[in-house]
Amino acid sequence: MSKLPDLSSLFARHKKAVLWFSGGKDSLVCLDLCREFRDQLDVCWVNTGAAFPHMAEFIRKATEGFNFVEIESDQAAWIEQQGLPSDMIPVANSIWRDVSASEPKILLQPWTACCAKLRFQPGLDYLARSGATFLIHGQRRSDGGGFTVDSKPDAKVEICKLLWEWSEHDVMDYIGQHGIELPEQYAEGLVDSLDCWNCPTRAGDSAAKMAARFAYTARRYPDLYEELKLLMGKVFLATEAAFKEVKADTTHVWRGAAEKFERDRAVPKCAPERGGSTSDLERNIQAYGAMEADLFKHHTGQWVVIHDRKLVDTFGTLDDAAAEALRRFGRGPYLIRQVTIAPLFTTADVNALQIGAKT
Ligand code: SF4
């Protein structure tokens, strides 16, 4: 495979290597590619204590025959101390709050800090302990977002992002050609190693992937899902309450600006209006609003094209949606928009949580 670094010469330069392993498709391909060098390799998985039960089993089985090292980190203790991971952190709910103020009901921390402490730091610590001079991981350029481990944690360690130039298609092709077994959730279209079952945040994933993870958890682990919903509810309550407190008295000032921003955002850059008017676009936006509840049910995370107030189709990516819109309607006007995540809670859920938070 031309996009691969020369593993033979890399392993020739280093006596010992560590592969960071998560059990997902990318790390499974890395594992397979490194098979012939297994005598020089430690395969390291960080178990936060909150892995999905089937993933812990899958990972131990997939790494049989390798020098497998399972590192433990203590998610429960860290969250107890620092708070629940969240994409939004009101200062009053963080460890940086005014310490003279009363204790926050719900403590939150940035998910990046949580992942760094529980998943990445233990991997780095093991790397240092192992004496390895070569680190391999399967992060790809097209992953986008999240952490990128490409700087040297130690001058003596060479880092190889083995699949950096691969697309998801390359990875799935390799898996098909080599008959590599994938974790069960892949058969349901959830292309992810899942990480912590009780993570109430996106942790670098797209909204669509997060929604798919929740839906999978609800089906496969209904008891765990009930716990996850409570954690999600706490994060939701804390962030919503902070937002209301800060913004409530100035709502009249920012609402108009926010709505304008939302309208502008909905105009596709690749298809500027022509031959239509702003009111055509506004009618398409209104049509989207009328369909939104139904779209959330069936197409969360997908991209929709709306033309002449009708849903044209749904697409997996913005590029696909824009290409089809341009092909059919030229320069518009039409609306291309992502169906972002649906509210996860009913009023009844939130009321129940509010009662719980007060007691
Ligand atoms: S996946 Fe979520 S809970 Fe697990 S370490 Fe990352 S932020 Fe924390």
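Definitions and cut-offs
Residues numbered from 1 in each chain as written. Predicted model: local features only at pLDDT ≥ 70, side-chain atom pairs only at ≥ 80, totals over all residues. Helix = DSSP H or I, 4+ residues; strand = E, 2+ residues; numbered from the N terminus. Buried ≥ 20, exposed ≤ 12 C-beta atoms within 10 Å, placed from the backbone. Contact = placed C-beta atoms within 7 Å. Pairing = 2+ DSSP bridges. Axes fitted to C-alpha atoms, helices over the stretch in contact; angles between N-to-C directions. Parallel < 35°, antiparallel > 145°, perpendicular 65-115°, else oblique. Left-handed = near helix turned anticlockwise from the far one by under 90°. Nonpolar A, V, L, I, M, F, W, Y, C, P; charged D, E, K, R; others polar. Near = placed C-beta within 6 Å. Core = buried A, V, L, I, M, F, W, Y, C linked by C-beta atoms within 7 Å. Right-handed = clockwise from strand over helix to strand, strands pointing away.

## A closer look at the overall build of the chain
Item 1. What the chain contains, in helices and strands, is 12 helices and 10 strands.
Item 2. Looking at the chain residue by residue over its 359 residues, the buried ones come to 30%.
Item 3. Look at the contacts in the chain between residues 6 or more apart in sequence, and 72% of them connect residues 24 or more apart.

## Quick look at the sheet that holds strand 1 (residues 17-20)
Item 1. With parallel pairing, 5 strands are arranged side by side in an open sheet as 3-2-1-6-7. Two strands lie at the open edges of the sheet, namely strand 3 (67-72) and strand 7 (158-161), each paired on one side alone. With direction set aside, neighbouring strand axes in the sheet form an average angle of 25°.
Item 2. In this structure, strand 1 lies alongside strand 6 (residues 134-137), joined through 3 bridges in parallel fashion. Bridging across to strand 6, Leu19 finds its partner in Ile136.
Item 3. Contacting strand 1, strand 2 (41-47), strand 3 and strand 6, helix 5 (residues 111-130) crosses the sheet at an angle of about 150° to strand 2.

## Here's the deal with the sheet that holds strand 9 (residues 310-315)
Item 1. Strand order in the open sheet made by the 3 strands is 9-8-10, with antiparallel pairing throughout. Only two strands of the sheet have a single partner each, and these edge strands are strand 9 and strand 10 (335-338). Across the sheet, the mean angle separating the axes of adjacent strands is 25° when strand polarity is ignored.
Item 2. Pairing of strand 8 (residues 303-307) with strand 9 involves 5 bridges; the strand directions are antiparallel. Directly across from Ile306, in strand 9, lies its bridge partner Leu311.

## Some words on the packing of helix 2 (residues 25-33) against helix 6 (residues 168-178)
Item 1. Running from amino to carboxyl end, helix 2 crosses helix 6 at an angle of 55°, the nearest separation of the two axes being 10 Å. By the angle between their axes, helix 2 is oblique relative to helix 6. As for the relative orientation of helix 2 and helix 6, their crossing is left-handed in sense. Contact residues: helix 2 offers Lys25, Asp26, Leu28, Val29 and Asp32, while helix 6 offers Val171, Met172, Tyr174, Ile175 and His178.
Item 2. For the contact of helix 2 with helix 6, the per-class residue count stands at 6 nonpolar, 1 polar and 3 charged.

## A look at the site of the ligand
Item 1. Residues in close proximity to the ligand total 13 residues, the closest being Pro85, Cys114, Cys115, Cys196 and Cys199.
Item 2. Grouping the constituent residues of the shell around the ligand by class yields 8 nonpolar, 3 polar and 2 charged.

## What about the nonpolar core?
Item 1. Ranked by internal contacts, the top residues of the largest apolar core, which has 48 residues, are Ala17, Val18, Leu19, Phe21, Cys30, Leu31 and Ile136.
Item 2. Secondary structure elements with two or more residues in this core: strand 1, helix 2, strand 2, helix 3 (53-62), strand 6 and helix 8 (222-247).
Item 3. Once residues lying within four places of it in the same chain are set aside, the contact partners of Ala17 are Phe11, Gln40, Leu41, Ala132, Phe134 and Ile136.

## Let's talk about the pairing of strand 1
Item 1. The alternating pattern of strand 1 places Ala17 and Leu19 on one face and Val18 and Trp20 on the opposite face, and all of these are buried.
Item 2. Chirality of the crossover, the property in question, places the unit of strand 1, helix 2 and strand 2 among those that are right-handed.

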